[in-house]
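Coordinates in review
Each chain, letter by letter, is given below.
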Amino acid sequence: MLNNHLDNHLDNHLDNHLDNHLDNHSNKANSNTNDATVESNVRPEYDDEIQKIADYVLNYSIDDQSPNPADAWNTARHCLMDTIGCGLLALRFPECTKHLGPICADQITPNGARVPGTSYRLDPIKAAFDIGCMVRWLDYNDTWLAAEWGHPSDNLGGILAVADYISQKNISQGQSPLTMRAVLEAMIMAHEIQGVLALENSFNRVGLDHVFLVKLASTAVVAKLYQLPRERIMAAISQAIVDGQALRTYRHAPNAGSRKSWAAGDATSRAVRLVDITARGEMGVPGALTAPQWGFYDVLFSHTNKDLATKPEDDRRFKFQRDFGSYVMENILFKISFPAEFHAQTACEAAVILHPHIKGRIDDIERIVLTTHDSAIRIISKEGTLDNPADRDHCLQYMVAVPLLTGDLMAENYEDDYHEQHLSIDELRSKMVVEENAKSSKDYHDPSKRSIANAIQVFFNDGSSTEKVAVEYPIGHKRRRAEGIPVLEAKFRASLATRFVDSRCQQIVGLCDDQERLEQTPVNEFMSLFEAY
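Here is what the cut-offs are and how they apply
- Residues numbered from 1 in each chain as written.
- Predicted model: local features only at pLDDT ≥ 70, side-chain atom pairs only at ≥ 80, totals over all residues.
- Heavy atoms only, no water.
- Helix = DSSP H or I, 4+ residues; strand = E, 2+ residues; numbered from the N terminus.
- Buried < 20%, exposed > 50% of the residue type's maximum accessible area, 1.4 Å probe, protein only.
- Areas by Shrake-Rupley, 256 points an atom, 1.4 Å probe, with all protein chains shown as cover.
- Lys, Arg positive; Asp, Glu negative; His and termini not counted.
- Charge placed at Lys NZ, Arg CZ, Asp CG, Glu CD.
- Pairing = 2+ DSSP bridges.
- Axes fitted to C-alpha atoms, helices over the stretch in contact; angles between N-to-C directions.
- Expected span 1.5 Å × (residues − 1).
- Core = buried A, V, L, I, M, F, W, Y, C linked by side-chain atoms within 4.5 Å.
- Contact = heavy atoms within 4.5 Å.
- pLDDT = per-residue confidence, 0-100.
- Salt bridge = Lys/Arg side-chain N within 4 Å of Asp/Glu carboxyl O.
- Parallel < 35°, antiparallel > 145°, perpendicular 65-115°, else oblique.
- Left-handed = near helix turned anticlockwise from the far one by under 90°.
- Nonpolar A, V, L, I, M, F, W, Y, C, P; charged D, E, K, R; others polar.

Looking at the overall build of the protein chain
For the protein chain, the helix and strand inventory stands at 24 helices and 8 strands. Taken over the C-alpha atoms alone, the protein chain extends approximately 125 × 70 × 50 Å along its principal axes. For the protein chain, the residues scored as buried account for 55% of the 533 residues in total. Just so you have it, the protein chain exposes about 23,500 Å², and 49% of that area is on carbon and sulfur atoms. Positive and negative side-chain charges of the protein chain, numbering 53 and 75 respectively, have mean locations separated by a distance of 4 Å.

See the structure below:
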């Protein structure tokens, strides 16, 4: 009996021990399985940043909420004039025009969007590319400089193409066309989205090109032009974020090339395509930015490209220095005098000032000292062979050498034949020394200044030198608006004269000079003025 009792006791003890062991093992296995092989499928709300952009384009009133609405509208009008003018000037260059026109020859597109200065009527996606390509080709349209650089008027490609297409389609269906006020509003908002995101978020330091911001901004404002509801606008924005983004490789030595001249056209065109896909009912990607492991922040925004170091945690998300409004358009930088990368604009002005003092002494130059800011050094300071126009218009030394020698700088000066015929340009480049001025670098990033300072001093073999000529703010800066706007308007008139007869030029200028009449003009009528037959 004792043996039976002992056997039962041992059996119960072993059974309990085995059960507990199996339970613990099962719980541990389940825990590991849940952690390693099962992801939470609770679909999130749209990222806060996406909601912020969508709410801005839907709800912001320039007239009621902007501290300077008249300044915003007026600057947008001048920006429209300048941007179209830059595109017209680019039509003189075959390397640009080879990219324009329908994909399929002789294609007929009902209600097709017009490409200014041409006879093309294209679907809005290709028209957006063509307009964006023209606008950016000569590196002569506006600029925004902050932690990230860029050219917010690049967004006009998508804005104009879609507005023209919608207007013609509306008329064909007995509805009212959009007016140019809608175009100006979209420009102000696209500038704001791109510019505010650029203030404290450096995409170049993670290896991405600034045209990502063109795609993002164009997507938001084009979605509004299509009158999509809030959820659809957020869906479109999310598609732009996950779409895959351009690298800056084609902007930097030794790979700089002409893609930089059509990259923004590609971005604004892609935005139109993504809005079209979304308008057809395609679902969005709510966690496009913040999804752990797979979102934009973890994949593309967490490591610096120079040393592949992990960024501080606070720097792995977008920062907003200010709320969206109309600040960027009001403070935009115009390239008025020179088709040159903006960090070199004041250097070109200084070179023009020095030209009369050195033109008879070129062979006597011992060295040329260029004093500049950190961003210019990072982007456009180059030595060695410059292989193509895109290389040259992003070389500080080249952009200084030409006006030192000639007293001016024009788009033709970057072409291969001009370079080959003027060997003295490279001779001057070889004598240049580039130095950073710490104060200039600091003032460049100061929101109250936003200066783009450069200085030049020329030293001769006999020990003499010119004065050090420094220019802190280029003529296209807001601080020089009163001086710059007449020059901008003259630039616009000159660009019109390259494509149209005088009577048409006067008609266009008369309309663009009248803020109220321009805003009330139907988009399709405005675009008709720029058709070439």
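Additional details are given in the paragraphs that follow.
Observations regarding the sheet that holds strand S8 (residues 469-471)
Pairing in this open sheet of 4 strands is mixed, and the strands run S6-S5-S7-S8 from one edge to the other. The open sheet has two free edges, formed respectively by strand S6 (432-436) and S8, since each of these has just one partner strand. Averaged over all pairs of adjacent strands, the angle between their axes in this sheet comes to 15°, without regard to strand direction. In the sheet, strand S5 (residues 365-372) pairs with S6 via 5 bridges, with the strands oriented parallel. Paired with Leu370 across the two strands is Val434, which belongs to S6.

So, helix H9 (residues 211-225)
The end-to-end C-alpha separation of H9 is 21 Å, in line with the 21 Å expected for 15 residues at 1.5 Å each. Across the 15 residues of H9, 14 count as buried, placing the element largely inside the fold.

A look at the nonpolar core
Phe296 and Phe526 are the most contacted members of the largest nonpolar core, which totals 114 residues. The element best represented in this core is helix H8 (residues 180-200), accounting for 13 residues. Residues in contact with Phe296, not counting those within four places in the same chain, are Phe203, Leu208, Phe212, Ile241, Gln245, Ala288, Leu289, Phe301 and Phe318. Residues Phe342, Ala347, Leu354 and Cys395 belong to the second largest nonpolar core, which totals 42 residues.

Topic: the environment of Gln227
By the element assignment, Gln227 lies in the loop between H9 and helix H10 (230-242). Take Gln227: its relative accessible area is 69%, and that puts it in the exposed class. Distance from Gln227 to Ala279, taken between C-alpha atoms, is 9.6 Å for residues 52 residues apart in sequence.

A closer look at the confidence of the model for the protein chain
Confidence in the prediction for the protein chain averages 93 pLDDT; 93% of positions are at 70 or higher. Counting contacts from residues 1-7, a segment whose pLDDT is below 50, to residues more than four positions away or on other chains yields 0 contacts. Confidence drops under pLDDT 50 across residues 24-33; counting only partners more than four residues distant or on other chains, this segment forms 2 contacts.

Digging into the pattern of salt bridges
Taken as a whole, this structure holds 36 salt bridges when the rule is applied. For Lys215, the salt bridge is made with Asp243, and the minimal N-O distance between the two is 3.0 Å. A residue pair is termed long-range when its members are at least 10 positions apart, and Lys215 in helix H9 and Asp243 in the loop between H10 and helix H11 (259-279) qualify at 28 residues. Residue class for Asp243 comes out partly exposed when judged on its relative accessible area of 24%. For the salt bridge of Glu231 with Arg232, the shortest nitrogen-to-oxygen distance reads 2.8 Å. With a relative accessible area of 36%, Glu231 lands in the partly exposed category.

A few points about the side chain of Ser451
Within the fold, Ser451 resides in the loop between helix H20 (438-445) and strand S7 (454-460). A relative accessible area of 1% places Ser451 in the buried class. Aside from chain neighbours lying at most four places away, what touches Ser451 is Ser440, Asp443, Tyr444, Glu472 and Tyr473.

Points about the packing of H9 against H10
Where H9 meets H10, the axes come as close as 9 Å, and the angle between the chain directions of the two elements is 165°. Taken together, the axes of H9 and H10 are roughly antiparallel relative to one another. For the element pair H9 and H10, the recorded crossing hand is right-handed. Contact residues: Phe212, Lys215, Leu216, Thr219, Ala220 and Ala223 in H9; Ile233, Ala236, Ile237, Ala240 and Ile241 in H10. The residue inventory of the contact of H9 with H10, partitioned by class, reads 9 nonpolar, 1 polar and 1 charged.

So, unusual backbone geometry
With an omega of 5°, the peptide bond between Ala253 and Pro254 qualifies as cis. Topologically, Pro254 is positioned in the loop between H10 and H11. Residue Asn111 is not a glycine yet carries a positive backbone phi of 60°. You can call Asn111 partly exposed: its relative accessible area is 26%. Residues other than glycine seldom take positive phi values, yet Gln293 does so here, at roughly 75°. Residue placement: Gln293 occurs in the loop between H11 and helix H12 (296-300).

As for the packing of helix H4 (residues 69-90) against helix H6 (residues 124-137)
H6 packs onto H4 with a crossing angle of 85° between their chain directions and a minimal axis gap of 7 Å. By the angle class used here, H4 and H6 are roughly perpendicular. Between H4 and H6, the contacting residues are Thr83, Cys86, Gly87, Leu88 and Ala90 on the first element and Met134, Val135 and Trp137 on the second. Across the contact of H4 with H6, the residue classes tally to 6 nonpolar, 2 polar and no charged.

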